[in-house]
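The residues making up each chain are set out below.
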Amino acid sequence: MLTVELSKLVTRTRTWVTISVLAALPSVVAVFLKVTGVGPRPGEGPAFLAEVLHNGTLYPAAALALILPVFLPVAVAVVAGDAVAGEAAAGTLRYLIIRPVARSRLLVAKLVTVTVFVLLAVVVVALTGFMVGAALFGVHPVASVSGTSLGAQDVTFRLFVTVAYVAVSMLGVASIALFASVLTDSPLAAALGALAALVASQVLDLVDAAASVRPYLPTHYWLAFVDLFRTPVLWRNVDRGFGVQALYIAAFLGGAWAHFSTKDINS
Amino acid sequence: MSGATVIRTEGLTKRYGGLTAVDGVDLEVAEGDLFGFLGPNGSGKTTTVRMLLGLVFASSGRVEVLGREMPARSAEVLPRVGALVEGPGFYPDRSGRRNLALIDAAGPGGPRHDRRSRVEEVLERVGLAAVGRRPVKAYSTGMRQRLGLAAALLRQPRLLVLDEPTNGLDPQGIREVRTLLMELAEKGTTVFLSSHLLAEVEAFCQRAAIVHRGRLVAQDRVDRLLAPTGMVWVETPDVDQAEAVVWGLAGPSVVEEDRRDGLRVRLDGMAPEDLNARLVGSGVRVSELVRERLNLEEVFLRLTGDTTHVDR
């Protein structure tokens, strides 16, 4: 089942179109930055953009910061929301279940496939970001956000953790979308449901009156990976981000499993 | 007609909130049967089929398929079952061959080494061998239906559960499917065919169950469901004379006499051949004497008093 799912993922045009679009946006931004030389003032605008004007090394992190708030979660919600509901809508879910594929196996295969998609997307964006950054702005020793300089190995390590952090954040989104995907037979409804949850989270994050729930919002620590480029690394928010995502992943996958394993398949 | 029971349900019931979709259905399908499951749309046929296959969970009652409890043991049962449930389902952007290979690879009991030959074989069987590489979305309804049948046949199942299998097929296609099912049944495959088409069940099946509003109203051999009604139609140029003869017999009575070319007689225990002998013996010229049989439509009408949803 897993091999079938993975082969469906990699042979599907949508997968590669989505990833290309995700990688294209930061590249377009980079070209604009290079041509106009107008960067955001330090401390303003998307993270790292002020720095990369003089140094392409951190462009992978900047690229991820650009697509993280909206673009990437939308792509992940669409793919994960389609996972089960898409099969239901196509009429293939019933044939998979009576093939038979055990419901829990089907869910695991879908989850692994979505994870592969997330990793693929994040890694491709990071690599494209690195290449575009290096080509347009050059590779120089990096000064951290805190001002001290970082060695090449150190930067590579921090970039790896960044990729992992963004991927885990997106797995949180994927879990919510997968949960929505077993609730409905409409892939569109599932993707929009997950996005609605994220928008709600981002709105609550801005409301001071909701400050008490802030640390538990799925989107709250998304951009905490910026702290990875401080010296020394400020792990507090990154750790909390990992923790919150782990909670969401466990809760929503658990919910998806509980619902799906007892659900009447009427699609 | 002999052999093990392939499908057995006891008191199978499915409730959705206040609505009872399937109400205490007891089915028994023997190995090698061509079994018809007949009912109008919305009578609970598809829900029952889905419960047989473990897609829908019963509210109460038991299901046993191939001698094992469902859905608890679906991992052992379903690899030997082929099914077509409420129309075929395929990935529209991929070819028929690719779709069959994908579904085959998704579960157990479909070895990889002979996958290609099995796919070609079933495509041949359903008349899609020459279909080429075009995606399923370019198929006609009939072709999709054939592909759905092909998918059901892919692993030589012992039991085929087919929901409206001739949907969208032309008369030629229906004949082909019929021949195919007869061949399979001859080789010992049990076929459970769910349909709202009386003619389909009448033409395909030896045994049938009739379901109406979630309840089983009859389950028997089709020829028994269509058993003689105890009436005969006597065609004769000597209607008046024949009538007189029948009235003179103990038992039989004339039930319809207003036609000039014959009369309907309720036999009431007399054998039709004896009636014929009496008539001829009394000088009545009999051109035809036929035992009346119901078709399924009339059976259905009799059992349920409802024909509003039945298509002939």
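Residues numbered from 1 in each chain as written. Chains lettered and ligands numbered in written order. Predicted model: local features only at pLDDT ≥ 70, side-chain atom pairs only at ≥ 80, totals over all residues. Heavy atoms only, no water.

### Some words on the confidence of the model for chain B
Residue and element names in this part refer to chain B. On average, chain B scores 88 in pLDDT, and the residues at 70 or more come to 95%. Ranking the helices and strands of chain B by mean pLDDT puts strand S5 (residues 60–65) first, with 96, and helix H11 (residues 296–304) last, with 73. ipTM for the predicted complex: 0.86, alongside a pTM of 0.86. (pLDDT = per-residue confidence, 0-100. Helix = DSSP H or I, 4+ residues; strand = E, 2+ residues; numbered from the N terminus.)

### Let's talk about helix H5 (residues 141–153) of chain B
Residue and element names in this part refer to chain B. Across its 13 residues, H5 extends 19 Å between first and last C-alpha, which sits within 8% of the 18 Å expected from 1.5 Å per residue. The buried count for H5 comes to 11 of 13 residues, which makes it a mostly enclosed element. Where H5 is concerned, the buried positions are Gly142, Met143, Gln145, Arg146, Leu147, Gly148, Leu149, Ala150, Ala151, Ala152 and Leu153. Contact partners of the buried residues in H5: strand S7 (81–84), helix H3 (96–106), helix H4 (115–125), strand S8 (159–163) and helix H6 (171–186). (Expected span 1.5 Å × (residues − 1). Buried < 20%, exposed > 50% of the residue type's maximum accessible area, 1.4 Å probe, protein only. Contact = heavy atoms within 4.5 Å.)

### Thoughts on the environment of Asp274(B)
With respect to the helices and strands, Asp274(B) occurs in helix H10 (residues 272–281). When the C-alpha positions of Asp274(B) and Pro171(B) are compared, they lie 42 Å apart, and in sequence the two are 103 residues distant.

### A word on the pattern of salt bridges
Inspection of every chain in the model, using the stated rule, returns 37 salt bridges over all chains. Note that Asp104(B) is salt-bridged to Arg155(B), the shortest N-O span being 2.7 Å. Of this pair, Asp104(B) sits in helix H3 while Arg155(B) sits in the loop between H5 and S8; the two residues are 51 residues apart in sequence, bridging distant segments of the chain. The buried category is assigned to Arg155(B), whose relative accessible area is 16%. One salt-bridge network, in which partners are shared between bridges, spans Arg99(A), Asp104(B), Asp114(B), Arg115(B), Arg118(B) and Arg155(B). (Salt bridge = Lys/Arg side-chain N within 4 Å of Asp/Glu carboxyl O.)

### What to know about the packing of H5(B) against H6(B)
All names here are of chain B. Following both chains from N to C, one finds H5 and H6 inclined at 10 degrees, their axes separated by 12 Å at the closest point. By the angle between their axes, H5 is roughly parallel relative to H6. Across from Arg146, Leu149 and Leu153 in H5, the residues of H6 making contact are Gly173, Glu176, Val177, Leu180 and Leu184. Here the contact of H5 with H6 is composed, by residue class, of five nonpolar, one polar and two charged. (Axes fitted to C-alpha atoms, helices over the stretch in contact; angles between N-to-C directions. Parallel < 35°, antiparallel > 145°, perpendicular 65-115°, else oblique. Nonpolar A, V, L, I, M, F, W, Y, C, P; charged D, E, K, R; others polar.)

### Points about the nonpolar core
Membership of the largest hydrophobic core comes to 95 residues, with the highest contact counts inside it found for Leu100(B), Leu181(B) and Phe192(B). Non-local contacts of Phe192(B), meaning those with residues more than four positions away in its chain, are made with Ile7(B), Leu27(B), Val29(B), Phe35(B), Phe37(B), Val49(B), Leu52(B), Leu159(B), Leu160(B), Val161(B) and Leu162(B). Formed by 66 residues, the second largest nonpolar core is a distinct cluster that contains Leu22(A), Phe48(A), Val173(A) and Leu178(A). (Core = buried A, V, L, I, M, F, W, Y, C linked by side-chain atoms within 4.5 Å.)

### Examining the packing of aromatic side chains
What the rule picks out here adds up to six aromatic pairs over all chains. The structure contains a cluster of three or more aromatic residues connected by ring pairs, namely Phe179(A), Tyr248(A) and Phe252(A). Of note, Lys14(B) hangs over the ring of Tyr16(B), and the distance from its end group to the ring centre comes to 5.1 Å. (Phe/Tyr/Trp six-rings, centres within 6.5 Å; stacked < 30°, edge-to-face > 60°. Lys NZ or Arg CZ within 6 Å of the ring centre and 35° of its normal.)

### Comments concerning the pairing of strand S1 (residues 5–16) of chain B
Residue and element names in this part refer to chain B. Pairing geometry for S1 and strand S3 (residues 28–30), over three bridges, is antiparallel. The partner of Ile7 across the bridge, within S3, is Val29. Here S1 pairs with S5 via five bridges, running antiparallel. In the sheet register, Glu10 faces S5, and the bridge partner there is Arg62. Bridge count between S1 and strand S2 (residues 19–25): four bridges; the pairing is antiparallel. Residue Lys14 lies in a different strand from S2, and its bridge partner there is Val22. From the end of S1 to the start of S2, which pair antiparallel, there are two residues, and Gly17 there has a positive phi angle of about 60 degrees. (Pairing = 2+ DSSP bridges.)

### A short note on the sheet that holds strand S14 (residues 262–266) of chain B
Residues and elements named next belong to chain B. Spatially, four strands are ordered S13-S14-S12-S15 in an open sheet, and the strand pairing comes out antiparallel. The strands lining the two open edges of the sheet, one partner per strand, are strand S13 (253–256) and strand S15 (288–293). Averaged over all pairs of adjacent strands, the angle between strand axes in this sheet comes to 35 degrees, irrespective of strand direction. Looking at chain direction, strand S12 (residues 228–235) and S15 are connected through five bridges and run antiparallel. Bridging from a neighbouring strand, Trp233 pairs with Val290 of S15. Packing against the sheet, helix H9 (residues 239–247) makes contact with S13 and S14, and its axis sits at approximately 15 degrees to S14.

### Side note on the sheet that holds strand S10 (residues 207–212) of chain B
All names here are of chain B. Read across the sheet, six strands follow the order S7-S8-S9-S4-S10-S11 without closing on themselves; strand pairing throughout is mixed. Strands with a single pairing partner mark the edges of an open sheet, and in this sheet they are S7 and strand S11 (215–221). Averaged over neighbouring strand pairs, the angle between their axes works out to 15 degrees when direction is ignored.

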